[in-house]
Amino acid sequence: MMALHRNFINGEWLEGRGVRENLNPSDLSDIVGEYAQADKAQTEAAIAAAKAAQPAWAAATPQVRADALEFIGTELLARKDEIGRLLSREEGKPLSNGIAETMRAAQIFKFFAQETLRVEGVAIASVRPGVDVLVTREAVGVVGLICPWNFPIAIPAWKMAPALAFGNAVVFKPADLVPGSAWALSEIISHSGIPKGVFNLVMGRGSVVGQTMLDSRDVNAISFTGSVETGGKVAMACASRGAKFQLEMGGKNPLVVLDDANLDLAVAAALDGAFYQTGQRCTASSRLIVQSKVHEAFVERMVEGMKKLKVDNALAEGTVIGPVVDEVQMAQDERYIQIARDEGGELAWGGERLNRDTKGYYLSPALFTGTKNDMRINREEVFGPVASVIKVDSYDEALSVANDTAFGLSSGIITTTLKYATDFRKKSAAGMVMINLATAGVDYHVPFGGRKGSSYGAREQGRHAVDFYTAIKTAYTLA
């Protein structure tokens, strides 16, 4: 019999109230594992354990917290091949990407191990004589983490590492599709010396586990990454009871290619941003805004490049694009491909289901031309290997089209003109701007996040993470 992977609550591994099979999207005959499903009562027990354990964890010295996080990072690096392979089996990204993501998670934990020692306060002179003012940061309390399936170890790491570093207790709900990476990370955490109750893994459906976390007055903050629709529900639930919340949601990211661009660089950036990791990245370049003089040459080179991208089993040698994560996402990708056709977009290449040696959710990357920015294919997030080209006549038109979106996560421009690069960096209405780079791909030590419908609340990652995971206290003392 296959071993059951249990929830981790108050320092104990516990069976849930159900079991979910974790399937490999590259090979539907491969069951990655069986994972416990928590119910409301078990989730409430995890919250209660976190509430009881948090004060002592916050009172621990920064060195204690630093040592625990350093241990986690070191173990992730030591097991990067094993965990990276598990990640690729359950999520579908190529093995090299799975290993790289595991290494990134390790780097994040090691970064925040040092940040525990850098939480600063400030002494400010009062306007009143004989009074001292001290402004300090304290842990928020119990933090609920609701994570997506597309980066099943990196995104949990960049939420839980700062949460733990700054003295909070964690209730972690991974995406139901990818519990394996979350369980492996939790198993490492269970050996890190973090006291029982400070970290809790509760696997299960969002409608049960997630909703219980949203409704609980003992959960002081929620960090959520996922869809715009669910993000709105998180915001309403948290606002109604005064809980702190942080949202990372969708993107419809533009990559502008100007007439003066190095076309080899432009095509490489577009292929990477639009199609790598099956386009299942919130920072993916789904809108390719190309100036008219290079439009035809750009499209021609894009199609040539797309034909060379190997779509195959995530574990197969040379795979560049793995499978779509599941049948639901595949149906969504195919639906938007048809929507683009119905709107008058011209399919330059791709967009077909593929057969491989193993049965899985394989889709050739799709590129549409002849699209306008008001089409649904350019307004709504597909979250798959589907990109569209929008032809423009000038830089000013390109900038206007790039900013004409409800989202504002990432944007990019390919140009050899410093004036345009500088102007775009200043005027792009996105939280992250890339110059002569793909819109996807960010560093772990700097802020991550967007504007408008893409993000809400304090930034994730880097030193700015302290803003969400701590609360400000202003203390007055009569000397």
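All residue numbers refer to positions counted from 1 along the written sequence of the respective chain. Reporting of local features is limited, given that this is a predicted model, to residues whose pLDDT is at least 70; pairs of side-chain atoms are given and counted only at 80 or more, and all residues count toward the totals for whole chains, interfaces and linings. Note that water and hydrogens are dropped before the side-chain values are worked out from all heavy atoms of the structure.

### Brief notes about the overall build of the chain
Runs of E in the DSSP output that reach at least two residues are strands. Runs of H or I that reach at least four are helices, and both are numbered from the N terminus. Looking only at helices and strands, one finds 15 helices and 25 strands in the chain. Relative to the 2.2 N^0.38 estimate, which gives 23 Å for 479 residues, the radius of gyration of the chain is 23 Å and therefore close to what a compact globule would have. Considering only C-alpha atoms, the chain reaches an extent of 70 × 70 × 40 Å along its principal axes. Only protein chains enter the accessibility calculation, which uses a 1.4 Å probe; a residue is then buried when its area is under 20% of its type maximum, exposed when over 50%, and partly exposed in between. Burial analysis of the chain (479 residues in total) assigns 57% to the buried set. Contacts spanning at least 24 positions in sequence make up 72% of the contacts within the chain whose residues lie at least 6 apart. Element-wise, carbon and sulfur atoms account for 52% of the exposed surface of the chain, whose accessible area totals about 19,300 Å². For this count, His and the chain ends are skipped, Lys and Arg are scored as positive, and Asp and Glu as negative. Charge positions come from single atoms, namely NZ of Lys, CZ of Arg, CG of Asp or CD of Glu. Computing the positive centroid from 50 side-chain charges and the negative centroid from 55, the chain places the two 5 Å apart. In this description the radius of gyration comes from C-alpha coordinates, and the expected globular size is given by 2.2 Å times residues to the power 0.38. It only takes one pair of heavy atoms within 4.5 Å for two residues to be counted as in contact. For every accessible area listed, the method is Shrake-Rupley and the probe measures 1.4 Å; residues are considered covered only by the protein chains on display.

### A closer look at the pattern of salt bridges
By salt bridge we mean one thing: a side-chain nitrogen of Lys or Arg within 4 Å of a carboxyl oxygen of Asp or Glu. Applying the stated criterion across every chain, the model contains 23 salt bridges. Asp 467 is paired through a salt bridge with Arg 137; the nearest N and O atoms lie 3.0 Å apart. Taken together, the positions of Asp 467 in helix 15 (residues 466-469) and Arg 137 in strand 7 (residues 131-139) put the pair 330 residues apart, joining distant regions of the chain. Using a relative accessible area of 34% as the deciding quantity, one classes Asp 467 as partly exposed. On the basis of relative accessibility, which here comes to 27%, the residue Arg 137 falls in the partly exposed class. Lys 310 is the salt-bridge partner of Asp 312, the closest N and O atoms lying 4.0 Å from each other. Judged by relative accessible area, which is 16%, Asp 312 ranks as buried. Judged by relative accessible area, which is 32%, Lys 310 ranks as partly exposed. Each of Arg 20, Asp 176 and Arg 205 takes part in a single network of salt bridges with overlapping partners.

### Considering the sheet that holds strand 25 (residues 470-478)
When DSSP finds at least two bridges between two strands, those strands are taken to pair. Ordered in space as 6-7-25, the 3 strands form an open sheet in which the pairing is antiparallel. Edge positions in the sheet fall to strand 6 (122-125) and strand 25, since each has one partner strand and no second. Within this sheet the neighbouring strands show an average axis-to-axis angle of 25°, counted without direction. Summarising the sheet, strand 7 and strand 25 pair through 9 bridges and their orientation is antiparallel. Each axis is a line fitted through C-alpha atoms, taken for helices only over the stretch in contact, and angles between the N-to-C directions span 0 to 180 degrees.

### Overview of helix 9 (residues 263-275)
Its 13 residues place the ends of helix 9 17 Å apart at the C-alpha level, agreeing with the 18 Å of an ideal helix rising 1.5 Å per residue. Looking at the buried residues of helix 9, the elements they touch are strand 13 (253-257), strand 14 (285-291), helix 10 (292-307), strand 18 (366-369), strand 19 (386-392) and strand 21 (410-414). Polar contacts, as counted here, are pairs of nitrogen or oxygen atoms within 3.5 Å of one another; within protein the pair requires one atom able to donate a hydrogen and one able to accept it, and residues that are adjacent in sequence qualify only if both atoms are side-chain atoms. Capping of helix 9 at its N-terminal end is provided by Asn 262; its side-chain oxygen lies 3.0 Å from the backbone amide nitrogen of Asp 264. Just beyond helix 9, the residue with positive phi is Gln 277, at close to 55°. For a helix, the expected span equals 1.5 Å multiplied by the number of residues minus one.

### Regarding empty space enclosed by the protein
Here the term cavity refers to a set of points on a 1 Å grid, laid over the protein atoms alone, in which a 1.4 Å probe fits but cannot get out; the term pocket refers to an open set having protein on both sides within 12 Å along at least five of seven lines, with lining residues being those that place an atom within 4 Å of a point. Grid points are joined across faces, edges and corners, and a volume is the space filled by probe spheres set on the points. This structure, assessed with the given rule, holds 2 cavities of 30 Å³ or more. One number sums up the size of the largest cavity: a volume of about 100 Å³. Taken together, 15 residues line the largest cavity, and the ones lying closest to its centre are Gly 279, Ala 284, Ser 286, Glu 381 and Phe 383. Just so you know the grouping, Ala, Val, Leu, Ile, Met, Phe, Trp, Tyr, Cys and Pro go in nonpolar, Asp, Glu, Lys and Arg go in charged, and all remaining residues, Gly too, go in polar. Within the lining of the largest cavity, the residues separate by chemical class into 6 nonpolar, 6 polar and 3 charged. Estimates place the volume of the second largest cavity at around 70 Å³. What lines the second largest cavity is a set of 16 residues, and nearest its centre among them are Pro 254, Ala 402, Thr 405, Phe 407 and Gly 408. Residue assignment for the lining of the second largest cavity shows that the elements contributing at least two residues are strand 13, helix 13 (395-403), strand 20 (407-408) and strand 21.

### Topic: helix 7 (residues 206-215)
Listing the buried residues of helix 7 in full gives Val 209, Gly 210, Thr 212, Met 213 and Leu 214. The secondary structure elements touched by the buried residues of helix 7 are helix 1 (40-59), strand 8 (142-146), strand 9 (169-173), strand 11 (221-225) and helix 8 (228-241).

### Describing the pairing of strand 4 (residues 18-24)
Sheet analysis places strand 4 next to strand 5 (residues 27-37), joined by 7 bridges and oriented antiparallel. Within strand 5, the residue paired with Gly 18 across the bridge is Gln 37. A loop of 2 residues connects strand 4 with strand 5, the two strands running antiparallel in sequence.

### So, the packing of helix 2 (residues 62-78) against helix 4 (residues 95-115)
Between helix 2 and helix 4, whose axes approach to 8 Å, the crossing angle comes to 160°. With respect to helix 4, the axis of helix 2 lies roughly antiparallel. The interaxial crossing formed by helix 2 with helix 4 has left-handed handedness. Taking contact as the criterion, the partners of Ala 66, Leu 69, Glu 70, Ile 72, Gly 73, Thr 74, Leu 76 and Leu 77 in helix 2 are, on helix 4, Thr 102, Met 103, Ala 105, Ala 106, Phe 109, Lys 110, Phe 112, Ala 113 and Gln 114. Broken down by class, the residue content of the contact of helix 2 with helix 4 amounts to 11 nonpolar, 4 polar and 2 charged. Throughout, the term roughly parallel applies to angles under 35 degrees, roughly antiparallel to angles over 145, roughly perpendicular to angles from 65 to 115, and oblique to all others. For any pair of crossing helices, the crossing counts as left-handed if the nearer helix is rotated counterclockwise from the farther one by less than a right angle, and right-handed if it is rotated clockwise.

### Notes on the pairing of strand 7
Across 4 bridges, the pairing between strand 6 and strand 7 is antiparallel. Bridge pairing in strand 7 places Val 122 opposite Val 135. Between strand 6 and the antiparallel strand that follows it, strand 7, lie 5 residues; Gly 130 among them carries a positive phi value of about 80°.

### Some details on the sheet that holds strand 5
Taken together, the 3 strands give an open sheet; going across it, the order is 1-5-4, and neighbouring strands pair in mixed fashion. Both outer strands of the open sheet, strand 1 (4-5) and strand 4, are each paired with one neighbouring strand and no more. In this sheet, strand 5 lies alongside strand 1 in parallel orientation, the contact comprising 2 bridges. Considered in strand 5, the bridge of Leu 4 is made with Glu 34. Against the sheet, helix 3 (residues 80-91) engages strand 4 and strand 5, with an angle of about 105° to strand 5. Along the sheet, helix 6 (residues 179-189) makes contact with strand 1, strand 4 and strand 5, crossing strand 5 at roughly 50°.

Purely geometric numbers; function is a separate question.
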